[in-house]
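Chain by chain, the residues run as shown.
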Amino acid sequence: MLRTNNLVKIYRTEEVETTALDNVSIEINEGEFVSIMGPSGCGKSTLMNILGMLDNPSGGEYHFLGKEVSKFNERQRAQIRKENIGFVFQSFNLIDELTIYENVELPLLYLKVSPSERKRKVQTVLEIMEIMHRRNHFPQQLSGGQQQRVAVARALVANPKLILADEPTGNLDSSHGDEVMKMLTFLNEGGTTVIMVTHSPTYAEYGNRVIHLFDGKVVTENFQESFRV
Amino acid sequence: MIKNYFKIVIRNITRHKTFTFLNISGLAIGIAVASLIMLYVKFEWEYDKSYPNTDSIYRVIQRQPGNIFMGTDYFGVTQEPLGRTLQLEFPEVNNYVTMSSWKDVVINIDRKKNYEEDILYATAPNLFNMFSFEFIQGNPENALSQQNTVILSENDAKKFFGNDNPVGKTITVRENETWTVTGVFKSMPANSQFANYGIITSFETYASTLNNREQTFAWGNNSWCTYVQLKNGINPEFTQTKLPYIIKKYVNSATGSKKVREYYLQSLKDTHLYNKANFALNENGDIKIVLVLIAMAFIIITIASINYMNLSTARASLRAREVGVRKVIGANKIQLITQFVSDSIVYSIVAGIFALILDLLFLPSFNQLVGIKFSSTALFQPSFLIGFLVITLLVGLLSGAYPAFVLSNYQPAQVIKGDNAKGKHSALRRILVVTQFAASIALIACTFIILSQMNYIRNKDMGYNRENIIVLPLKDASVVKQLELMKNDLNRHSSIVEVTASSHLPININSSTHVKISGETGEIDVQSYQMYGDYNFLPTFGISIVDGRNFSKSVATDSANAVLINQSLARSLGLKDAVGKTLNINGDKYNVIGIIKDFNMHSLHQKILPLFIRMHEPWLQYLSIKTKSQDLPATIDYIKSVWNRYAEQRAFDYSFLDSDFNSLYKREERFAEIVSYSSGLAIFIACLGLLGLASFIVEQKRKEIGIRKVLGASVSDVVGTLSKQFLKLVFYANIIAVPAAYYFMTNWLQDFAYRINISWWIFVLSGGMALLIALITVSSQTIKAALSNPVKSIRYE
Ligand SMILES: Nc1ncnc2c1ncn2[C@@H]1O[C@H](COP(=O)(O)OP(=O)(O)OP(=O)(O)O)[C@@H](O)[C@H]1O
Ligand SMILES: [Mg+2]
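No experiment lies behind these values; they were computed from the predicted model shown.

Chemist: Which residues make up the overall build of chain B, and what are the values?
Modeler: The helix and strand inventory of chain B stands at 27 helices and 23 strands. For the C-alpha atoms alone, the extent of chain B along its principal axes is close to 100 × 60 × 55 Å. Taken across its 797 residues, chain B has 53% of its residues classed as buried. By sequence separation, contacts in chain B at least 24 residues apart represent 79% of the contacts at least 6 residues apart. When the accessible surface of chain B is totalled, it reaches about 35100 Å², and 57% of it is carbon and sulfur. Side-chain charges in chain B split into 78 positive and 61 negative, and the spacing between the mean points of these groups amounts to 13 Å.

Chemist: Got a sec to walk through the side chain of B:Thr226? Specific residues and values, please.
Modeler: All names here are of chain B. Take Thr-226: it is sitting in strand E11 (residues 222-230). Looking at Thr-226, the relative accessible area reads 0%, which means it is buried. A polar contact of 2.5 Å, which involves the side chain of Thr-226, links it to the side chain of Thr-78.

Chemist: Break down the domain arrangement of chain B for me, citing the residues and quoting the values.
Modeler: In terms of domain boundaries, chain B breaks down into domain 1 (1-47 + 288-424), domain 2 (54-271), domain 3 (438-460 + 665-797) and domain 4 (476-649). Once you take the C-alpha centre of each, domain 1 of chain B and domain 4 of chain B turn out to be 61 Å apart.

Chemist: Go over the packing of aromatic side chains with me, naming the residues and quoting the values.
Modeler: For any pair of aromatic rings, geometry is given as the distance between the ring centres together with the angle between the planes. Applying the stated criterion to the full structure yields 44 aromatic pairs over all chains. For the ring pair A:Phe87 and A:Phe89, a centre distance of 5.8 Å and an interplane angle of 5° mean the geometry is stacked. In this structure, A:Phe87 and A:Phe89 share a single accessibility class: buried. Ring pairs connect the aromatic residues B:Tyr51, B:Phe128, B:Phe131, B:Phe133, B:Phe135, B:Phe185, B:Phe194 and B:Tyr227, which therefore count as one cluster.

Chemist: Tell me about the site of ligand 1, and please be specific about residues and values.
Modeler: Around ligand 1, the surrounding shell holds 13 residues, and the nearest of these are A:Ser40, A:Gly41, A:Lys44, A:Ser45 and A:Thr46. Neighbouring residues of ligand 1 are distributed over chains A and B. A:Gly41 is positioned with one of its backbone polar atoms (N or O) 2.8 Å from an oxygen atom of ligand 1. Here A:Thr46 contributes a side-chain N or O atom positioned 2.4 Å from an oxygen atom of ligand 1. Isolated, ligand 1 exposes 630 Å² of accessible area, and the fraction of that covered by the protein chains is 71%. Mapped by element, the contributors of at least two residues to the shell around ligand 1 are strand E2 (17-24) and helix H1 (44-51) of chain A. Among the elements that take part in the shell around ligand 1, H1(A) stands out by supplying three residues, more than any other. In the shell around ligand 1, the residues fall into three nonpolar, seven polar and three charged.

Chemist: Go over the packing of helix H15 (residues 426-459) of chain B against helix H25 (residues 715-749) of chain B with me, naming the residues and quoting the values.
Modeler: Residues and elements named next belong to chain B. With their axes 7 Å apart at the nearest point, H15 and H25 run at an angle of 40° to one another. Here H25 runs oblique to H15, going by the angle between their axes. Remark: the crossing between H15 and H25 carries right-handed chirality. Residues Arg-430, Val-433, Val-434, Phe-437, Ala-438, Ile-441, Ala-442, Ala-445, Cys-446, Ile-449, Ile-450 and Gln-453 of H15 touch H25, and the partners they reach there are Leu-729, Val-730, Tyr-732, Ala-733, Asn-734, Ile-736, Ala-737, Ala-741, Met-745, Trp-748 and Leu-749. Taken together, the residues of the contact of H15 with H25 break down into 20 nonpolar, two polar and one charged.

Chemist: So what about the interface of chain B and chain A? Which residues, and what values?
Modeler: The interface is formed by 23 residues belonging to chain B together with 26 residues belonging to chain A. Roughly 2500 Å² is buried in total at the junction of chain B and chain A, and carbon and sulfur atoms are behind 54% of that figure. When the area that chain B buries against chain A is broken down by residue, the three leading residues are B:Arg11, B:Val328 and B:Ile329, summing to 23%. Where chain B meets chain A, there are zero salt bridges. Mapped onto the side of chain B that touches chain A, the elements with two or more residues apiece are helix H1 (2-15), helix H11 (287-329), helix H12 (333-370) and helix H14 (412-416) of chain B. A per-class count over the side of chain B that touches chain A returns nine nonpolar, seven polar and seven charged.

Chemist: Now, about the sheet that holds strand E13 (residues 469-473) of chain B: what can you tell me, with residues and values included?
Modeler: Residue and element names in this part refer to chain B. Sheet architecture is open: four strands sit in the order E14-E22-E13-E23, paired in antiparallel fashion. One side of each edge strand has no neighbouring strand; the edge strands of this open sheet are strand E14 (496-502) and strand E23 (655-656). Across six bridges, the pairing between E14 and strand E22 (residues 622-627) is antiparallel. By the bridge assignment, Val-499 is partnered in E22 with Ile-625. Its contacts with the sheet place helix H17 (residues 483-491) against E14 and E22, and it is angled at close to 165° to E14.

Chemist: I'd like a description of the pattern of salt bridges, backed by residues and values.
Modeler: Tallied over the entire structure, the rule returns 28 salt bridges over all chains. Connected through shared salt-bridge partners, B:Arg63, B:Asp73 and B:Glu262 make up one network.

Chemist: So, the packing of helix H5 (residues 144-156) of chain A against helix H6 (residues 174-189) of chain A: which residues are in play, and what are the values?
Modeler: Residues and elements named next belong to chain A. Two elements in contact, H5 and H6, have axes separated by 9 Å at closest approach and are oriented at 15°. Classified by the angle their axes make, H5 and H6 are roughly parallel. For H5 against H6, the interelement crossing comes out right-handed. Contact residues: Gly-145, Gln-148, Arg-149, Val-152 and Leu-156 in H5; His-176, Glu-179, Val-180, Met-183 and Leu-187 in H6. Of the residues in the contact of H5 with H6, the class split is five nonpolar, three polar and two charged.

Chemist: Which residues make up unusual backbone geometry, and what values do they have?
Modeler: Cis geometry is found at the peptide bond from B:Ala124 to B:Pro125, where omega equals 0°. Within the secondary structure, B:Pro125 sits in the loop between strand E5 (113-122) and helix H4 (126-130). Even without a glycine there, the phi angle at A:Asn23 is positive, about 50°. Inspection of the secondary structure puts A:Asn23 in strand E2. On the basis of relative accessibility, which here comes to 42%, the residue A:Asn23 falls in the partly exposed class. Phi angles above zero are rare outside glycine, and B:Asn468 is one such case at about 55°.

Chemist: An account of a nonpolar patch on the surface is requested, with residue identities and associated values reported.
Modeler: Residue and element names in this part refer to chain B. Judged by side-chain polarity, Ile-349, Ile-353, Phe-354, Ile-357, Leu-361, Phe-362, Leu-389 and Leu-393 come together as a nonpolar surface patch covering roughly 770 Å² of accessible area. Elements supplying a minimum of two residues to the nonpolar patch: H12 and helix H13 (382-408). With six residues, H12 is the largest single contributor of residues to the nonpolar patch. Mapped onto the elements, Leu-389 comes out in helix H13.

Chemist: I'd like a rundown of the layout of surface pockets, residues and numbers included.
Modeler: Residue and element names in this part refer to chain B. Considered as a void within the structure, the second largest pocket measures approximately 940 Å³ in volume. In this structure, the second largest pocket is lined by 34 residues; those nearest its centre are Phe-43, Glu-44, Ala-190, Ile-372 and Lys-373. Sorting elements by how many residues they give to the lining of the second largest pocket places helix H2 (residues 17-45) first, with five residues. Here the residues of the lining of the second largest pocket are counted per class, giving 13 nonpolar, 12 polar and nine charged.

Rules used throughout
Residues numbered from 1 in each chain as written. Chains lettered and ligands numbered in written order. Predicted model: local features only at pLDDT ≥ 70, side-chain atom pairs only at ≥ 80, totals over all residues. Heavy atoms only, no water. Helix = DSSP H or I, 4+ residues; strand = E, 2+ residues; numbered from the N terminus. Buried < 20%, exposed > 50% of the residue type's maximum accessible area, 1.4 Å probe, protein only. Contact = heavy atoms within 4.5 Å. Areas by Shrake-Rupley, 256 points an atom, 1.4 Å probe, with all protein chains shown as cover. Lys, Arg positive; Asp, Glu negative; His and termini not counted. Charge placed at Lys NZ, Arg CZ, Asp CG, Glu CD. Polar contact = N/O pair within 3.5 Å; in protein donor to acceptor, adjacent residues only side chain to side chain. Domains from an automatic or database assignment. Phe/Tyr/Trp six-rings, centres within 6.5 Å; stacked < 30°, edge-to-face > 60°. Near = heavy atom within 4 Å. Nonpolar A, V, L, I, M, F, W, Y, C, P; charged D, E, K, R; others polar. Axes fitted to C-alpha atoms, helices over the stretch in contact; angles between N-to-C directions. Parallel < 35°, antiparallel > 145°, perpendicular 65-115°, else oblique. Left-handed = near helix turned anticlockwise from the far one by under 90°. Buried area = accessible area lost by both parts, 1.4 Å probe. Salt bridge = Lys/Arg side-chain N within 4 Å of Asp/Glu carboxyl O. Pairing = 2+ DSSP bridges. Patch = residues over 30% accessible without salt bridge, like charges linked within 9 Å, V, L, I, M, F, W, Y side chains within 5 Å. 1 Å grid on protein atoms, 1.4 Å probe; cavity = no way out; pocket = protein on both sides within 12 Å on 5 of 7 lines; lining within 4 Å. Points joined across faces, edges and corners; volume = space filled by probe spheres on them.

Spelled out as structure tokens, the structure:
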């Protein structure tokens, strides 16, 4: 599905230069559920942003679905992104001015899906996520867990091949966290590739393997082929 | 998608009330001002352009270099034979019209109903062909072919005869002429020079009222407007270059005068707004006023749009996350730009709705300001509504473009992390605020300068007294015949101090002729203003005599050959000791009996020129009555009763000389009003923006304020720190505003022969005022923040 070769990301501010990613080479296949772990500041989010094409690397290669995309401009990246990738963030990043239903519908609008098709898809994911009854509420009226479920619903409504989840459970208590993990697993079982950043070893084990980052470098990769909940 | 955008806008509008209110009110005022100005500009711009032949019609104007006794040496009037001759001599001249008008003529219908109307007389049927009059009854070719026939506008026909068929009915003119109505024409639009003329008769009918027809229609008499129509495709320059030939062949040879004279063809399209000649059938417009109004509309719209830009980009940080999310989900830049521009367009459309209401509310005041009577139906005409919509959308586009650009540029990777783009665009925001205030301050400074010039004009000693003087126009000869009796009756009243009859009022003497005197070096010939007065003229107006004496009843010859001259004339004639000298005026000899002190005979745009005063009753046109200031209504009642005793058939009209005097400065007055209202609006809208910005920044700095207070800062420390940054901007604005205002005002003042010097305190005052207003605006926000409990705000984040 995707492969990186010596990815480098350097942040420059006036005084300091931070190497957030240092020669990261990973490969992730279709259908995998990969967890990424590591201490704060080690570059997890940076990696996710590059994998999700929200940002370009400073160096190295990134092949996504067979295309080398590291030098793509914003428009090209946006095109691939909206067709293939769904995002879930720690802070749920819902649009406050839109209702639950409208938030979930948004990716379909950008994909120019027909109204009837949109309605069907949104309703389906809202039902899967068990938040159909809240569809006309605004994000602030929901609990954190519910908001994250909406975010997941939004990530998967367009049927992406890849879901990138950056600490999706970071702001949730354990029962809500478990719910979200259940959803991600469910999606993965349906064939969607999932890459998830987490600080929780328990949640990391939901994945079929864990990539450990330290100081911008990949340190170990644990394959956990056998372990599935 | 669009629906989705609109949902967000509408929810934003209802959720962020302050922001919405500030933005919409600013934009609404901007759009209202701009649309009213558009109404006016359209009216003025299309003035006299509605005739099918407009493009090929020219007015002949003449210039007599140096003859500035009519305010300018360009004359809108020419000789009667000119039009005819041009058509005869030049094949490219298709048609001509010679015309003029009588003002305030008494019209009787059925011997009862009494009107005072302006009457146009013109070469018929040329007038109707050239200006495409539409006849509802009668026909243009022969309607006025008989003498003493008249055609009426639809409006006047209705006014005079109601629903009766006017054709064949008669109107009585000046109580002694009976004219038969032979046609009715469709009333001309309000922005036509013919709009005021509902009664039109032929030049022939006019000529029949003259007893010196020969002389009146000679080449030596300049009294009529001449219009010519050139064949299609003829360049007026071509004809104009041949005009000196006409002067040589006809004018000079017929008059024997070697006066330098030039003819010009002025396009009809220019006669209203770009007129530089005196005399016109109607009051002319002024391109300067049009341009100033356009500039004001532009400035106010810009200031309002800047508010929107500043408030939106300041608030952008709050929307950054939305942008990030949208980008992550798949929005591209174009889509985001579309979204934010449609945002501002929604704002401007909402503002537009309020603007239309403002337009309706303020139309009467606006009418007064520009001196045109637009009816409220004008606001619902398609042409206005389309323009209105265009302005509204342009405002939306102008306001939205920059915020859209800023917002759509946010990088999702950064915003998603919660890194909001605080302060990133504050530099440009500051520049925009400085621009707003620079414009506002410059306008305030201009207002002060204009007002102080106006004040100077009103209070400058003109050399005559104009307080408590009531003026009655004598209207016609039958009234003048009763003059002595009227004066006697008036003088009997205890509140009436002086009564005088004169041909002109001191505020506007516009007749001139040549004065000759034989000196040692030969004959000296001086052009001079002339007027006629009586024994009481000088005392009534408090004009003083520096040498010699006033007209005196005890000197019988005074009424026949005495003349008073002003100091300027004495100087121009080269006379040290003028009293007792003999002047030759148009071939008659006059004895100088006194020198009067120079006084200003016009507005202060003009310098004092030579003047002489003679006595000759038939030329008297005004009765000026100096009264005591108390009990004015009773005095006016008495004057009215005297008037009715001797001139019952004429309506009693009066005015106060000081208000007549003020109307000399109608244009300046209008200009001053326009600039002062605009500057008021400008500073008001700019302050709305400042208010929004201040409240936003205070909100963002809540935590900082809390910490500062915990650390021991006083309320005034906090207010000071917060306000300082805004006041600094206003201060910079001053630096830009001063030279701009100075430049424009120096230019404006050039038009006055007598003017103030622009003094530095005006700039200190206007800058200080803007600073004060800004301080009050900003403080309202900062003080609130500074007073709030610090613990609360610290706990926020
Ligand atoms: N926009 C930026 N400008 C400068 N430095 C940055 C920027 N974004 C991240 N960094 C730096 O890059 C490094 C990696 O950051 P990143 O956000 O990827 O860490 P992380 O592993 O996601 O940490 P956490 O677990 O706290 O979320 C950090 O040292 C961070 O300070
Ligand atoms: Mg992170």
